[in-house]
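Chain by chain, the residues:
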Amino acid sequence: MDIEKWRRMISALDYAFQPVVSIHTGLCLGYEALLRSTEKTGFQSIGEFFDAAHADGALFPVELMLREKAIKKFVTIENHQKMKLFFNVDNRALAMPDYGPGKTVQLLEEHGLLSESICFEISERHELDYMGNYESVLDSYRRQAHKTAIDDFGAGYSGLMLLYHSEADFIKIDRFFIAGIETDSKKKLFVGKVINLAHILGIMVIAEGVETEK
């Protein structure tokens, strides 16, 4: 593992911030940090970048460096203290042997943010075959007052099992179910059932990829 190599690559990356807006008030609740410019590091996609970090055993330190980069950009936004930073976590980092809790709290404190200012997005796109460890990590996030979200809900491996175990604060419904929903009765049915279940569980729902008024 060559951490300096990864540090140099991360210096070439950037984050685009996608707003998360309330349909009830029209106010911006926060921003999702979207990683950009991985092609500058020699990788054709973000997935390839993280796969290489995982194969090199550097996934967890890479995650921490990326969190710091996103936080530094987030605090430049006006009124950021009233918003949340949604940050994608590669599930595989939770099972790395060098994983350790508490690092993010320190980063947030250094930049004048509270623990609840960050929401970790856990994706279904990598199979969670280490659910025991996964649950302990989520428990650790909750003890530190971080928020959690299930990302890409409905498009991955774990589905309802992940919803059952996670006790997440947010569900982000995958854009597949949102695109064209205004004319697709099956998508309306699926999304409606997910929303009802989430609300019963006290979970806020976020629709990904809303691009039309209706």
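To be clear, the structure that these remarks concern was listed above.
Below you will find a few notes about this structure. In this text, all values refer to a predicted model and were calculated from it rather than measured experimentally.

Procedures and definitions
Residues numbered from 1 in each chain as written. Predicted model: local features only at pLDDT ≥ 70, side-chain atom pairs only at ≥ 80, totals over all residues. Heavy atoms only, no water. Helix = DSSP H or I, 4+ residues; strand = E, 2+ residues; numbered from the N terminus. Rg over C-alpha atoms; globule rule 2.2 N^0.38 Å. Buried < 20%, exposed > 50% of the residue type's maximum accessible area, 1.4 Å probe, protein only. Axes fitted to C-alpha atoms, helices over the stretch in contact; angles between N-to-C directions. Parallel < 35°, antiparallel > 145°, perpendicular 65-115°, else oblique. Contact = heavy atoms within 4.5 Å. Nonpolar A, V, L, I, M, F, W, Y, C, P; charged D, E, K, R; others polar. Salt bridge = Lys/Arg side-chain N within 4 Å of Asp/Glu carboxyl O. Expected span 1.5 Å × (residues − 1). Arc of directions from axis to C-beta. Polar contact = N/O pair within 3.5 Å; in protein donor to acceptor, adjacent residues only side chain to side chain.

Quick look at the overall build of the protein chain
Right, on to step 1. Secondary structure summary: the protein chain contains 8 helices and 7 strands in total.
Right, on to step 2. Whereas a compact globule of 214 residues would reach a radius of gyration of roughly 17 Å, the protein chain reaches 17 Å, a difference of no more than 12%.
Right, on to step 3. With the C-alpha coordinates of the protein chain rotated into their principal frame, the extents come out at 50 × 40 × 35 Å.
Right, on to step 4. Looking at the protein chain as a whole, 47% of its 214 residues qualify as buried.

A short note on the packing of helix α2 (residues 46-55) against helix α3 (residues 59-74)
Right, on to step 1. Where α2 meets α3, the axes come as close as 7 Å, and the angle between the chain directions of the two elements is 130°. Considering their axes alone, α2 and α3 lie oblique with respect to each other. In this structure, α2 uses Phe-49, Phe-50, Ala-53 and His-54 to contact α3, whose residues at the interface are Leu-59, Val-62, Glu-63 and Leu-66.
Right, on to step 2. Here the residues of the contact of α2 with α3 are counted per class, giving 6 nonpolar, 1 polar and 1 charged.

Some points on the pattern of salt bridges
Right, on to step 1. As enumerated under the stated definition, the model contains 9 salt bridges in all.
Right, on to step 2. Note that Asp-14 is salt-bridged to Lys-73, the shortest N-O span being 3.2 Å. Residue Asp-14 is located in strand β1 (residues 14-21), and its partner Lys-73 is located in helix α3; the two are separated by 59 residues in the primary sequence.
Right, on to step 3. We note a salt bridge from Asp-90 to Arg-92, for which the minimum N-O separation is 2.8 Å.

Some remarks on helix α8 (residues 185-200)
Right, on to step 1. When the terminal C-alpha atoms of α8 are compared, their 23 Å separation across 16 residues agrees well with the 22 Å that a helix rising 1.5 Å per residue should span.
Right, on to step 2. For α8, every residue scored as buried is listed here: Lys-187, Val-191 and Ala-198. Buried residues of α8 fall within an arc of 25° about the axis and therefore sit on the same side. In α8, the exposed positions that point more than 90 degrees away from the buried face belong to Ser-185, Lys-186, Leu-189, Lys-193 and Ile-200.
Right, on to step 3. Buried positions along α8 lie against β6 (170-173), α7 (175-178) and β7 (204-207).
Right, on to step 4. Near the N-terminus of α8, the side chain that reaches the backbone nitrogen of Lys-186, with its oxygen 3.0 Å away, is that of Asp-184.

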